[in-house]
Amino acid sequence: SDLVIPQKRKLAILALLFAPSCLPQAMIRSGSSETPYTFYINIRTFGARGDGVSDDRQAIQAAIDSLKKHGGVVYVPASPACYMVSGQIGLLSDDYANITIQGDGYGSCIKLMPSGSTSLGLIAFSGNSAYSLSNVGLSSVRISGQDEVTPGHPLVYFQNSSQTFLRNSFLDTN
């Protein structure tokens, strides 16, 4: 005998099967009951182009800002050209704890534009008080200042932070 499934139940089963593909690309959560959820934010969803010409600073900062309070991963997909920025990208308060800027390796490049300037560094992690910003860093990205970085200002700047990391990343100042 054939199994008969009511129409409403068929729709519920299809919804469960295809639910992950229906989630917005901007925010996908993953995890299990044993681990907390992690939010993954793609900078392209916020308008970053990675065409080597457009200023992507506001889009990248907006992606980072969207993770305030709950943390997560800001994903920088590889691109044929760098994501150009006119100034500093900042995680400058305790609200930015537990954020990773994650790329695909050398092709995930954030670069300061020739006309750009920074006050602390191209990417700055700084808490409100000593060791107050925690578990933040970069993973598998290339940060490039070329010759445009102001002397005495590093490409990546950590202050008042703990459990910081720079994993499998490239700092390019040539």
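Residues numbered from 1 in each chain as written. Predicted model: local features only at pLDDT ≥ 70, side-chain atom pairs only at ≥ 80, totals over all residues. Heavy atoms only, no water.

### Focus on the sheet that holds strand E11 (residues 142-144)
Here four strands make up an open sheet; going across it, the order is E4-E7-E11-E15 and the pairing parallel. Here the strands that pair on one side only, and so sit at the sheet edges, are strand E4 (83-87) and strand E15 (170-172). Sheet twist, expressed as the mean angle between neighbouring strand axes with direction ignored, is 20°. Pairing geometry for E11 and E15, over three bridges, is parallel. Looking across to E15, one finds that arginine 142 is bridged to phenylalanine 170. Helix-sheet contacts for helix H2 (residues 57-65) involve E4 and strand E7 (109-117), and the interaxial angle to E4 is about 90°. (Pairing = 2+ DSSP bridges. Helix = DSSP H or I, 4+ residues; strand = E, 2+ residues; numbered from the N terminus. Axes fitted to C-alpha atoms, helices over the stretch in contact; angles between N-to-C directions. Contact = heavy atoms within 4.5 Å.)

### Describing the environment of alanine 48
Here alanine 48 shows up in the loop between strand E2 (38-42) and H2. Distance from alanine 48 to methionine 84, taken between C-alpha atoms, is 9.1 Å for residues 36 residues apart in sequence. Ignoring anything within four residues of it in the chain, the contact list for alanine 48 reads Ile43, Asp56, Ala59 and Tyr83.

### A short note on the environment of glycine 90
Among the structural elements, glycine 90 can be located in strand E5 (residues 89-91). Among the residues examined, glycine 90 registers a relative accessible area of 7% and is labelled buried. Those residues within four positions of glycine 90 in sequence are excluded, and the remaining contacts are Gln61, Ile64, Tyr96 and Ala124. (Buried < 20%, exposed > 50% of the residue type's maximum accessible area, 1.4 Å probe, protein only.)

### Digging into the sheet that holds strand E12 (residues 156-159)
Strands sit in the order E5-E8-E12 across an open sheet of three strands; the sheet is parallel. In this open sheet, the two edge strands, each paired with only one partner strand, are E5 and E12. Going from strand to strand, the sheet's axes swing by 10° on average, the running direction of each strand aside.

### Considerations on the pattern of salt bridges
Scanning the entire structure with this criterion turns up two salt bridges. A salt bridge links lysine 69 to aspartate 95; the nearest nitrogen and oxygen atoms lie 3.2 Å apart. A residue pair is termed long-range when its members are at least 10 positions apart, and lysine 69 in the loop between H2 and strand E3 (72-76) and aspartate 95 in the loop between E5 and strand E6 (99-103) qualify at 26 residues. Judged by relative accessible area, which is 67%, lysine 69 ranks as exposed. A salt bridge links arginine 142 to aspartate 172, with the shortest nitrogen-to-oxygen separation between them at 3.6 Å. Placement of arginine 142 in strand E11 and of aspartate 172 in strand E15 is noted, with a sequence separation of 30 residues between them. (Salt bridge = Lys/Arg side-chain N within 4 Å of Asp/Glu carboxyl O.)

### Structural notes on the state of the cysteines
In the structure shown here, the tally under the stated rule is one disulfide. Across the disulfide, cysteine 82 is cross-linked to cysteine 109 (sulfur-sulfur distance 2.2 Å). As the torsion about the S-S bond is roughly 85°, the cysteine 82-cysteine 109 disulfide counts as right-handed. Of this pair, cysteine 82 sits in the loop between E3 and E4 while cysteine 109 sits in strand E7; the two residues are 27 residues apart in sequence, bridging distant segments of the chain. The pair formed by cysteine 82 and cysteine 109 is uniform in burial state, with each residue classed as buried. (Disulfide = S-S within 2.5 Å.)

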